[in-house]
Structures are given as structure tokens and as C-alpha cells.
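# Breakdown of the fold
So the chains spell out like this:
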Amino acid sequence: MDISAHRHAAVQQLTDRQLLSDTQPLCGVLDLDLIAAQVANLNAVYPPAGSPKALHTIAAKAAPLGAVLAEVAALGMGCEVASPGELALALDAGFAPEQIVFDSPAKTRAELAQALELGISMNLDNFDELARLDALLDGSAPLAPVGLRINPQIGAGTIDALSTATATSKFGIGLTDPGNRTAIITAYRTRPWLTQLHVHSGSQGIAFEQNARGIAAVVALAKEINDTVGFGQVRTIDIGGGLPVDFTNDDGLPDYQPHRDALEEIVPDLFSGSLDIVTEFGRSLLAKAGFIASSVEYVKYMGGRPIVVQHAGVQVAPRPVLVPTEWSLRVEVYTEAGQLKTGEYAEYDVAGPACFAGDLIARERPLPAVAAGDIVVMPDTGAYYFTLHYSYNALARPAIYACSGVTTDTPNWYVVRPQQSVEEIVAEAGVSELIAI
Ligand SMILES: *Cc1c(COP(=O)(O)O)cnc(C)c1O
């Protein structure tokens, strides 16, 4: 798939359809063909009926958009959820309960009871959560697979906030902390219904080898549990998500093959045929399939610096604005008619609409000559960006569109989420008068 050809065609069609306007100057776009290509790559590299058997789930938090999740469900995937809201979204989108995995580090009793009742697979975060589940089960066994989330404590990647497997990160049960290994084995020995182990040690900034080492630690634990109980009680390893995405170019969609190659080399036991896997990829399925587009409102000069004022700022892209060194995005400029502008005219700051000075999507970025009315595009924002909305300045959640067939003569465009209305913003701001309680 030629990602840039898809995006250039989509921007052209966006302008042809006048989807950017004075009242809707900002939107997000997801290309359904690129999403389908990613799902196909994942299914080809880890065939669902292969060895190991694989249940692929999409991490709902990467794109909690009903119609997009419904498309992914129609492609045969499952869904990983981490809150009652995401669970409801997944059920609404048409995922069957047996295709849903519920992970969250803070499950309440009510959430645990609901998952039990619906027959949804769960990964428990800690021993106290396991005790809560015991109390709810009251001696019976859950319908769906239940596992414990393990932190293999293998160390950080290049992004601290996304490193889930350091000695002190907040998720799961620390495998190397004193006493835990024995306690985990005892937990499984005394509960034959604990048939799964979960590890999500990868994310943006974690190398394949490091991710594989975390999975290897958990596969070794599964073997130790199974040797102790004398049969293959642990049948499934939920290996999480975390395939990194290259935000610097259009060279290709993220490929799951190197992920598998690293696992085959470092965790050969995973391919012995005795274990199944669950995957929970998010960013790698969606990032390259989406972009943010905004009309340029003004171009101004400050102390000699040219500044592009447009509508994508901290409200849709908090990470690039607040942590620019780790989350830099590319910026493209198109004419009002949707034609890509090329060349480097000056080093621009690309500012968003929010009322704080740091609301810059890019700083001193070489760009072609930008004029008011042009369109600024941030590629690779199909995962997380439409999720991370930040209500600062009561800025509207932008419209999200989906498209398919953009490089053919008969492209299709769809509304995924209308722009948030001013009435909705007011309603979200709480009640209009204090309510005594
Ligand atoms: C966020 C998350 C994922 C998805 O991670 P990506 O880096 O987007 O692939 C998978 N599993 C769990 C438990 C998560 O928290």
C-alpha cells in the first residue's frame, strides 16, 4: 500500500467534498483500506488457526470510535477493553463476548461481576483483584479464560511513560519481586480455572528483542506452572500489543513479521503447539491509516519567526505539544484545493488554537510557503489522537471521517463522529446550577 498516495488522494477528496469549512476547520480521517491491510498482515503473520492459534484483539483505547470498531469486528478481530465505557463500545460494535478481553489495573467489584456475567475473558492485575474475583465466584468457575497480568520487570524502553515492564511500573504482578513467583504458582495450583498469563511489555519505544524477552519470561513461568500442576493448565499467553510505529516517513505500514521473527528466536517454546496466543495491538493497526487536517487561519510573524495559526493543537495532539522530543509529528501543507505543496520556504512554528504559548504542533519546522486558507496535515495520527481529546478551552472534538477506495475512481466517504456541537460542549460542562446533595 502506498501510504502517501492514499493520503494525498484523501486530502484532495476532503477538499472536493468541502469537509473543512469555516465552522468545521479541523477533522480527522481514517483510511479503511490501510486498516484492513494491517489486519491482513497480522492475520498472515500470526494466522488465527496457525501454531500457535491466535485471537487478535484491537486495543479499544487506540480508536474508541463505534463505526471503526464495527469495521474491525467485521474483519474478524476481537477487542481489548479497559473500562466499562470501552466494554460497552465493544459490545455495541458487534464483538462477541468471547472475542473481548478485559484488562484494567483498577477493576471495581461491579466491573468484575459484569465481566463474569457476560462471559468475558479477563486479565487480573494483582492478587487483591484475584481475591475479589474469588469472592464473586464463591466456589464456581468463570466461563471465559482468566489470567494474571505479569510484569516481567525487564527494564524500560526509550519512552518512560510507555514503559510497562520496568521494576516499578504500575501494571501487573512483578515477577522478580520477592515471593511473587511462588505466590503466582500457588494461585494457579489452587485455581484450575486460571488458564492464561498476560504480559504487555511493549509499546512505542520498545525494541522487538526486549518485548520478546518479556514474553519469554512469562512463557517460562507458564511452563513452570504446568510442570508443577502436572498438566497443561496454562493454555494461552496474552502477549499484549506494542509494535512500534515509524512516524518519520511513508516507507510502509508496520510489519508484524519482525515481531514474530524475534519471538521465534527468543521464545521458541511459544511455537511448540501447546500454547495459544492472544494479541492486543493498537497503534500499529491504526496510526498510519489516519491523519489530522486543519485549515490555516492566519500566518503571522513574531520577532521574525513565521507562525502558522491553525486548529490542531493540544486538544487533539497533546503528546506532540507537551512532549515534543518523544512524539514529533510530520507536517504537510496543501493548497485550499487539496494539492500538496513542496519545497522549503521558511522555518515555521505551527501553532494550535489553545490559549497557552506552548500550543505548538511543530517548532521551527522547514515548510513550503504557507498561506491562510491552506490545509495543514499531520500524518500517522490514526491511533490515539482521536482518543486523547483534551477539553482545554472547551474546544470541540473534531469530526472524524472514514474513507475507502481513495486511489480508485469510486472512493467512499463516511461520517464516523460528527464534530462536537456547542450545545454538547455546554452539556458536558456540568449542570447549569448547583444541585444540593
Ligand atoms: C495500550 C495497550 C495495548 C495496545 O498497545 P499498542 O502500543 O497501541 O499496541 C495493549 N494491551 C494493553 C494492556 C494496553 O494497555
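Structure first, text after, so check above.
Residues numbered from 1 in each chain as written. Predicted model: local features only at pLDDT ≥ 70, side-chain atom pairs only at ≥ 80, totals over all residues. Heavy atoms only, no water.

### Thoughts on the packing of helix H5 (residues 109-118) against helix H6 (residues 127-137)
- Put simply, H5 and H6 touch, their axes get as near as 10 Å, and they point 55 degrees apart. Judged by the inter-axis angle, H5 sits oblique to H6. Relative to H6, H5 is oriented so that their crossing is right-handed. On H6, the residues that touch Arg109, Leu112, Ala113 and Leu116 of H5 are Glu129, Arg132, Leu133, Leu136 and Leu137.
- Its residues placed into classes, the contact of H5 with H6 shows six nonpolar, no polar and three charged. (Axes fitted to C-alpha atoms, helices over the stretch in contact; angles between N-to-C directions. Helix = DSSP H or I, 4+ residues; strand = E, 2+ residues; numbered from the N terminus. Parallel < 35°, antiparallel > 145°, perpendicular 65-115°, else oblique. Left-handed = near helix turned anticlockwise from the far one by under 90°. Contact = heavy atoms within 4.5 Å. Nonpolar A, V, L, I, M, F, W, Y, C, P; charged D, E, K, R; others polar.)

### Considering the side chain of Ser404
- Note that Ser404 resides in strand S17 (residues 399-404).
- The class for Ser404 is buried, based on a relative accessible area of 12%.
- Leave out the neighbours within four places in its chain, and Ser404 touches Leu32, Asp33, Pro411, Asn412 and Tyr414. (Buried < 20%, exposed > 50% of the residue type's maximum accessible area, 1.4 Å probe, protein only.)

### Considering the pairing of S17
- Judged by how many residues are buried, S17 sits mostly within the fold: six of six residues are covered.
- Side chains of S17 alternate between two faces, with Ala399, Tyr401 and Cys403 and Ile400, Ala402 and Ser404 buried alike.
- Note that S17 and strand S18 (residues 412-417) share five bridges and pair antiparallel. Its bridge partner lying in S18, Ala402 is registered against Tyr414. (Pairing = 2+ DSSP bridges.)

### Some remarks on the site of the ligand
- Around the ligand, the surrounding shell holds 15 residues, and the nearest of these are Lys61, Gly242, Glu280, Arg283 and Tyr384.
- In this structure, Glu280 approaches the ligand through a side-chain N or O atom, which is 2.7 Å from a nitrogen atom.
- A distance of 2.5 Å separates an oxygen atom of the ligand from a polar side-chain atom of Tyr384.
- When the ligand is considered free in solution it has 390 Å² of accessible area, and contact with the protein chains removes 93% of it.
- For the shell around the ligand, the residue count by class is three nonpolar, six polar and six charged. (Near = heavy atom within 4 Å. Polar contact = N/O pair within 3.5 Å; in protein donor to acceptor, adjacent residues only side chain to side chain. Areas by Shrake-Rupley, 256 points an atom, 1.4 Å probe, with all protein chains shown as cover.)

### Quick look at the environment of Arg305
- Assignment of secondary structure puts Arg305 in strand S12 (residues 305-310).
- Once residues lying within four places of it in the same chain are set aside, the contact partners of Arg305 are Lys300, Glu347, Asp349 and Glu364.
- Within the local environment of Arg305, its side chain forms a polar contact with the side chain of Asp349, the two groups lying 3.0 Å apart.
- A polar contact of 3.5 Å, which involves the side chain of Arg305, links it to the side chain of Glu364.

### With respect to helix H1 (residues 3-16)
- Look at H1: 20 Å from first C-alpha to last across 14 residues, which is about the 20 Å you get at 1.5 Å a residue.
- Of all 14 residues in H1, ten are buried; the element is thus mostly enclosed.
- Along H1, the residues classified as buried are Ile3, Ser4, His6, Arg7, Ala9, Ala10, Val11, Gln13, Leu14 and Thr15. (Expected span 1.5 Å × (residues − 1).)

### Brief notes about the packing of aromatic side chains
- Going through the model one piece at a time under the given rule, you end up with four aromatic pairs.
- For the ring pair Tyr390 and Tyr392, a centre distance of 5.5 Å and an interplane angle of 35 degrees mean the geometry is tilted.
- Using a relative accessible area of 36% as the deciding quantity, one classes Tyr390 as partly exposed.
- On the basis of relative accessible area, Tyr392 is assigned to the partly exposed category, the value being 27%.
- Here the aromatic cluster, defined as three or more aromatic residues joined through ring pairs, consists of Phe356, Tyr390 and Tyr392.
- Its guanidinium or amino end placed over the ring of Tyr384, Arg319 lies 6.0 Å from that ring's centre, counting from NZ or CZ. (Phe/Tyr/Trp six-rings, centres within 6.5 Å; stacked < 30°, edge-to-face > 60°. Lys NZ or Arg CZ within 6 Å of the ring centre and 35° of its normal.)

### A few points about a negative patch on the surface
- Judged by side-chain charge, Glu209, Asp255, Asp261 and Glu265 come together as a negatively charged surface patch.
- Looking at where Asp255 falls in the secondary structure, it is placed in the loop between strand S9 (236-238) and helix H9 (257-266). (Patch = residues over 30% accessible without salt bridge, like charges linked within 9 Å, V, L, I, M, F, W, Y side chains within 5 Å. Salt bridge = Lys/Arg side-chain N within 4 Å of Asp/Glu carboxyl O. Lys, Arg positive; Asp, Glu negative; His and termini not counted. Charge placed at Lys NZ, Arg CZ, Asp CG, Glu CD.)

### Some remarks on the nonpolar core
- Ranked by size, the top nonpolar core spans 106 residues in total, and within it Phe95, Leu197, Ile237 and Leu270 carry the most contacts.
- In terms of residue count, helix H8 (residues 208-229) provides more of this core than any other element does, seven residues in total.
- If near-sequence neighbours (up to four positions away) are discounted, Ile237 is found in contact with Leu197, Val218, Val219, Ala222, Leu270, Leu275, Asp276, Ile277 and Val278.
- Of all hydrophobic cores here, the second largest spans 18 residues; its members include Val11, Phe291, Val377 and Ala399. (Core = buried A, V, L, I, M, F, W, Y, C linked by side-chain atoms within 4.5 Å.)

### Things to note about the packing of H8 against H9
- For the pair H8 and H9, interaxial distance at closest approach is 9 Å and the crossing angle is 50 degrees. Considering the angle they form, H8 stands oblique to H9. Note on packing geometry: the crossing formed by H8 with H9 is right-handed. Counted together, Phe208, Glu209, Asn211, Ala212, Arg213, Ile215 and Ala216 of H8 and Pro258, His259, Ala262, Leu263 and Ile266 of H9 form the full contact between these two elements.

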